[in-house]
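Take a look at the letters that make up each chain.
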Amino acid sequence: MDKSYREWTLGIVVSGIAYTGLFYINDWLTSHLTYSLGVSWIYLPAGLRLFLTLIFGIPGALGIALGSFLISYLGEFPHEITTCIGVGLISGFAPYLARIFVLTNIQIAPDLSDLSLPKLVACILIYALLSASLHQWWFAVRGLDESGSMNHFLVMFLGDVFGTVLLIALLKSSLDLLKFSRTA
């Protein structure tokens, strides 16, 4: 089997499973913070979307898109294939578009070796802006709920930012605990 084929397959599978798993964990933990269909005040998978596309590129975006399509189609969204395909594509490719913009304009190395706090904040804000804008545009085009309003956009934007920052903090704390337990 070709190495690049295995890498693509691994990227797609890992991204799809990780994103879908974290989506359901987030839904369970924060169901009381849901604003409306597809909009939450804290959305932990936003951070995972950003990192999976920064790490895996297109395979990460494809895995997220497939996972998001299935979540949408099997979940609370109307069972309209076009709506769910659009949600999946935006979920996977909004962070990928942010990745392209960031790698091109903020000069982050493709391997993320020079990712600093200011660059990370820029990545988070650019991604959240793209994701919330594209999702709300799609929700309005498809006539979902009361979407497309400034309130929905702001809550989704803030939910993506809060979720990403919280996920990073959880990962950082976990890594620090792991490092501490190894030295103790």
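What this report covers is the structure whose coordinates are included nearby. Once a new chain begins, its residue numbering starts again from 1 and follows that chain's sequence as written. Per-residue local features are limited, in this predicted model, to residues with pLDDT of at least 70; the limit for side-chain atom pairs, both in listing and counting, is 80 or more; totals at the level of whole chains, interfaces and linings are taken over all residues. Neither water nor hydrogens contribute to the side-chain values; these are computed over all heavy atoms in the structure.

1. Looking at a nonpolar patch on the surface
Stated formally: Patch rule: a residue counts if its relative accessible area is over 30% and it has no salt bridge; like charges are joined within 9 Å, and nonpolar side chains (Val, Leu, Ile, Met, Phe, Trp, Tyr) within 5 Å. Residue exposure ignores everything except the shown protein chains as possible cover, and the areas themselves are Shrake-Rupley values with a 1.4 Å probe. The working definition used for a salt bridge is a side-chain nitrogen of Lys or Arg within 4 Å of a carboxyl oxygen of Asp or Glu. Here a helix means four or more residues in a row that DSSP labels H or I, a strand means two or more in a row labelled E, and each is numbered from the N terminus.
Side chains of Leu70, Tyr73, Leu74, Ile81, Ile85 and Leu89 sit close together on the surface and give an oily, nonpolar patch of about 560 Å² of accessible area. Contributions of two or more residues to the nonpolar patch are made by α3 (58–74) and α4 (81–105). Considering the arrangement of structural elements, one finds Leu74 in helix α3.

2. Quick look at the side chain of Arg49
Basically, it comes down to this: Only protein chains enter the area calculation, which uses a 1.4 Å probe; residues under 20% of their type maximum are buried, those over 50% are exposed, and those in between are partly exposed. Positive residues here are Lys and Arg, negative ones are Asp and Glu, while His and the chain termini are left out of the count. We call two residues in contact when some of their heavy atoms are within 4.5 Å.
You can see Arg49 is positioned in helix α2 (residues 45–56). We note that Arg49 is buried and unpaired, the nearest opposite charge coming from Asp160 at a distance of 4.5 Å. When residues no more than four places from it in sequence are discounted, the contact partners of Arg49 are Tyr19, Tyr43, Ile64, Ser91, Pro95, Tyr127, Ser131 and His135.

3. Examining the packing of α3 against α4
Going by this rule: Note on geometry: axes are C-alpha line fits, over the in-contact stretch for helices, and angles between N-to-C directions span 0 to 180 degrees. The crossing is said to be left-handed when, going from far helix to near helix, the turn is anticlockwise and less than a right angle, and right-handed when the turn is clockwise. Each residue gets one label: Ala, Val, Leu, Ile, Met, Phe, Trp, Tyr, Cys and Pro are nonpolar, Asp, Glu, Lys and Arg are charged, and the others, such as Gly, are polar.
Running from N to C, α3 and α4 point in directions that differ by 150°, and their axes come no closer than 7 Å. Here the hand of the crossing between α3 and α4 comes out right-handed. Across the interface between the two elements, Ile58, Ala61, Leu62, Ile64, Ala65, Ser68, Phe69, Ser72 and Tyr73 of α3 pack against Ile81, Cys84, Ile85, Val87, Gly88, Leu89, Ser91, Gly92, Phe93 and Tyr96 of α4. Class assignment for the residues of the contact of α3 with α4 results in 14 nonpolar, five polar and no charged.

4. Observations concerning the packing of aromatic side chains
Using the following cut-off: Only rings of Phe, Tyr and Trp enter the pairing, Trp through its six-membered ring, and a pair is recorded when the two centres are within 6.5 Å. The plane angle decides the type: under 30 degrees is stacked, over 60 is edge-to-face, the rest tilted.
Scanning all chains against the criterion turns up six aromatic pairs. Consider the rings of Phe93 and Tyr96, whose centres lie 6.2 Å apart with planes at 80°: the pair is edge-to-face. Separated by three residues within a single helix, Phe93 and Tyr96 lie in helix α4, roughly one turn from each other. For Phe93, a relative accessible area of 24% translates into the label partly exposed. An angle of 45° between the planes, with centres 5.9 Å apart, marks the rings of Trp137 and Trp138 as tilted. Take Trp137: its relative accessible area is 51%, and that puts it in the exposed class. We classify Trp138 as buried; its relative accessible area is 14%. One aromatic cluster is present, built from ring pairs that chain together Phe23, Tyr24 and Tyr43.

5. Points about the packing of helix α5 (residues 117–141) against helix α6 (residues 150–183)
Their axes nearest at 9 Å, the elements α5 and α6 cross at an angle of 145°. Between α5 and α6 the crossing geometry is right-handed. Facing α5, whose interface residues are Leu120, Ile124, Leu125, Tyr127, Ala128, Leu129, Ser131, Ala132, Ser133, His135, Gln136 and Phe139, α6 presents His152, Phe153, Met156, Phe157, Asp160, Val161, Thr164, Val165 and Ile168. Of the residues assigned to the contact of α5 with α6, the class counts are 14 nonpolar, six polar and one charged.

6. Focus on the nonpolar core
The criterion, for reference: Residue types Ala, Val, Leu, Ile, Met, Phe, Trp, Tyr and Cys, when buried and joined through side-chain atoms within 4.5 Å, form a set referred to as a nonpolar core.
Counting residues in each nonpolar core, the largest one holds 40 residues, and the members touching the most others are Tyr19, Leu50, Phe77, Val102, Ile108, Phe139 and Phe157. Among the elements of the structure, α1 (3–30), α2, α3, α4, α5 and α6 are those that each provide at least two residues to this core. Per-element accounting of this core gives the leading share, nine residues, to α5.

7. Some details on the pattern of salt bridges
For the coordinates displayed, the defined rule picks out one salt bridge. The partner of Glu80 in a salt bridge is Arg142, with the nearest N and O atoms 3.3 Å apart. Remark: Arg142 occurs in the loop between α5 and α6 and Glu80 occurs in the loop between α3 and α4; sequence separation between them is 62 residues. With relative accessibility at 35%, the residue Glu80 sits in the partly exposed group.

Honestly, that's just the spatial picture; any functional story needs more than this.
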